[in-house]
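# Structural overview for review
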Amino acid sequence: MNEIREKLFEKQDLKYKEFHGKICPNLDKIIGVRVPELKKIAKQIAKTDYKNYLKNAQDEYYEELLLQGLVIGYSKTTLEEKLKYLEKFIPKINSWAVCDVTCGTLKIAQKYEKEVWEFLQQYIKSKKEYEIRFALVMYLDYYLKEEYIDKILEQINNITSKDYYVQMAIAWLVSIAYIKQKEKTEKFLKNNKLDKFTQNKSISKICESYRITPEEKERVKKYKI
């Protein structure tokens, strides 16, 4: 797989490396490849021998790990095989960026909604920061609809993790849920078990949205702790 690493270094952008290092401070090794370039490489691999790539892929660098997630997302394979790849990949997620960008490519959740929902249940109940975040971001991307909103709000109400990237994912999820499922989400904001940081961050994110009216923003501010 050295040729893949060489290709990544060919696409290196040192200014982007410096920028990305600041927004992902927990990552030690970053090459500095922009996401659009990573997606191009991933799509090429997904069209060729993605099985061999995933079997032998390196993940020393941030980009190498994200590339695996993208290849899994873009690969044209069965649901069963894709979920098996994800089971091996998800425990390796070590940043919000790898988590969130990967989730955005997993369009298979739109086709196999119920099956992927069931798959996510093991991660929403996990004790590991990025496994929980993975489930939350998948909910945000694909499940903020009438038939799932009650379950989602109930589950996040029972998350006890104080990990920063879990709290931020919950806040982000609640803010988008407010846009898509306003009545139920506002009821949730009035009465829940969220800690002070997550509750207030959720409200801040709602108030940052251009899709929320000034009147609605003033109303939700009343739920700050």
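Just above sits the structure.
This report concerns the structure included in the present document.

Calculation notes
Residues numbered from 1 in each chain as written. Predicted model: local features only at pLDDT ≥ 70, side-chain atom pairs only at ≥ 80, totals over all residues. Heavy atoms only, no water. Helix = DSSP H or I, 4+ residues; strand = E, 2+ residues; numbered from the N terminus. Rg over C-alpha atoms; globule rule 2.2 N^0.38 Å. Buried < 20%, exposed > 50% of the residue type's maximum accessible area, 1.4 Å probe, protein only. Contact = heavy atoms within 4.5 Å. Areas by Shrake-Rupley, 256 points an atom, 1.4 Å probe, with all protein chains shown as cover. Core = buried A, V, L, I, M, F, W, Y, C linked by side-chain atoms within 4.5 Å. Patch = residues over 30% accessible without salt bridge, like charges linked within 9 Å, V, L, I, M, F, W, Y side chains within 5 Å. Salt bridge = Lys/Arg side-chain N within 4 Å of Asp/Glu carboxyl O. Lys, Arg positive; Asp, Glu negative; His and termini not counted. Charge placed at Lys NZ, Arg CZ, Asp CG, Glu CD. Axes fitted to C-alpha atoms, helices over the stretch in contact; angles between N-to-C directions. Parallel < 35°, antiparallel > 145°, perpendicular 65-115°, else oblique. Nonpolar A, V, L, I, M, F, W, Y, C, P; charged D, E, K, R; others polar. Phe/Tyr/Trp six-rings, centres within 6.5 Å; stacked < 30°, edge-to-face > 60°. Lys NZ or Arg CZ within 6 Å of the ring centre and 35° of its normal.

### Notes on the overall build of the protein chain
Scanning the protein chain from terminus to terminus reveals 15 helices and zero strands. Taken over C-alpha atoms, the radius of gyration comes to 19 Å for the protein chain, in line with the 17 Å a tight globule of 225 residues would show. For the protein chain, the C-alpha atoms occupy an extent of roughly 55 × 40 × 30 Å along the three principal directions. Among the 225 residues that make up the protein chain, the fraction classed as buried is 54%. Looking at the protein chain alone, contacts between residues at least 24 apart form 70% of all its contacts between residues at least 6 apart. Of the roughly 11900 Å² of accessible surface on the protein chain, 49% is carried by carbon and sulfur atoms.

### Regarding the nonpolar core
Within soluble globular proteins, side chains that are nonpolar tend to cluster in buried spots. Ranked by internal contacts, the top residues of the largest apolar core, which has 84 residues, are Leu67, Phe134, Leu136, Met138, Tyr143 and Ile156. For this core, the element with the most residues is helix α10 (residues 129-142), which contributes 10 residues. Beyond its immediate stretch of four places on either side in the chain, Ile156 contacts Leu136, Ile170, Leu173, Val174, Phe188 and Leu194.

### Focus: a positive patch on the surface
On the surface, Lys39, Lys43, Lys47 and Lys107 cluster together into a patch of positive charge. Residue placement: Lys43 occurs in helix α3 (residues 35-47).

### Examining the pattern of salt bridges
This structure, assessed with the given rule, holds 17 salt bridges. With its nearest N and O atoms 3.2 Å apart, the salt bridge here joins Asp13 to Arg34. Separated by 21 residues along the polypeptide, Asp13 in the loop between α1 (2-10) and α2 (14-23) and Arg34 in the loop between α2 and α3 bring together distant segments of the chain. Overall, the relative accessible area of 40% leaves Arg34 in the partly exposed class.

### Digging into the environment of Ile159
Within the element layout of this structure, Ile159 appears in the loop between α11 (146-157) and α12 (164-180). Overall, the relative accessible area of 17% leaves Ile159 in the buried class. Sequence spacing of Ile159 and Leu79 is 80 residues, and the spatial spacing of their C-alpha atoms is 28 Å. Residues in contact with Ile159, not counting those within four places in the same chain, are Ile124, Ile132, Leu136, Val166 and Ile170.

### Quick notes on the packing of helix α9 (residues 113-124) against α11
For the pair α9 and α11, the least separation of the axes is 13 Å and the interaxial angle reads 5°. As summarised for this structure, α9 and α11 are arranged roughly parallel, according to the angle between their axes. When α9 is examined against α11, the residues Glu113, Lys114, Trp117, Gln121 and Ile124 are found in contact with a partner set consisting of Glu147, Tyr148, Lys151, Ile152 and Gln155.

### Looking at the environment of Lys182
Counting through the fold element by element, Lys182 comes out in helix α13 (residues 182-190). The spatial distance from the C-alpha of Lys182 to the C-alpha of Ile41 is 39 Å, given a sequence separation of 141 residues. The contacts of Lys182, once residues within four sequence positions are left out, are Ala177 and Glu216.

### As for the packing of helix α14 (residues 196-208) against helix α15 (residues 214-221)
It is at 9 Å that the axes of α14 and α15 come closest, and there the two elements cross at 170°. Viewed along their axes, α14 and α15 adopt a mutual orientation that is roughly antiparallel. Here Ile203, Ile206 and Cys207 of α14 come into contact with α15, specifically with Lys217, Val220 and Lys221. Of the residues contributing to the contact of α14 with α15, the split by class is four nonpolar, no polar and two charged.

### Digging into the packing of aromatic side chains
As enumerated under the stated definition, the model contains 13 aromatic pairs in all. Chaining the aromatic ring pairs together yields one cluster made of Trp117, Tyr139, Tyr143 and Tyr148. Residue placement shows Lys29 over the ring face of Tyr61; its charged tip is 5.4 Å from the ring centre.

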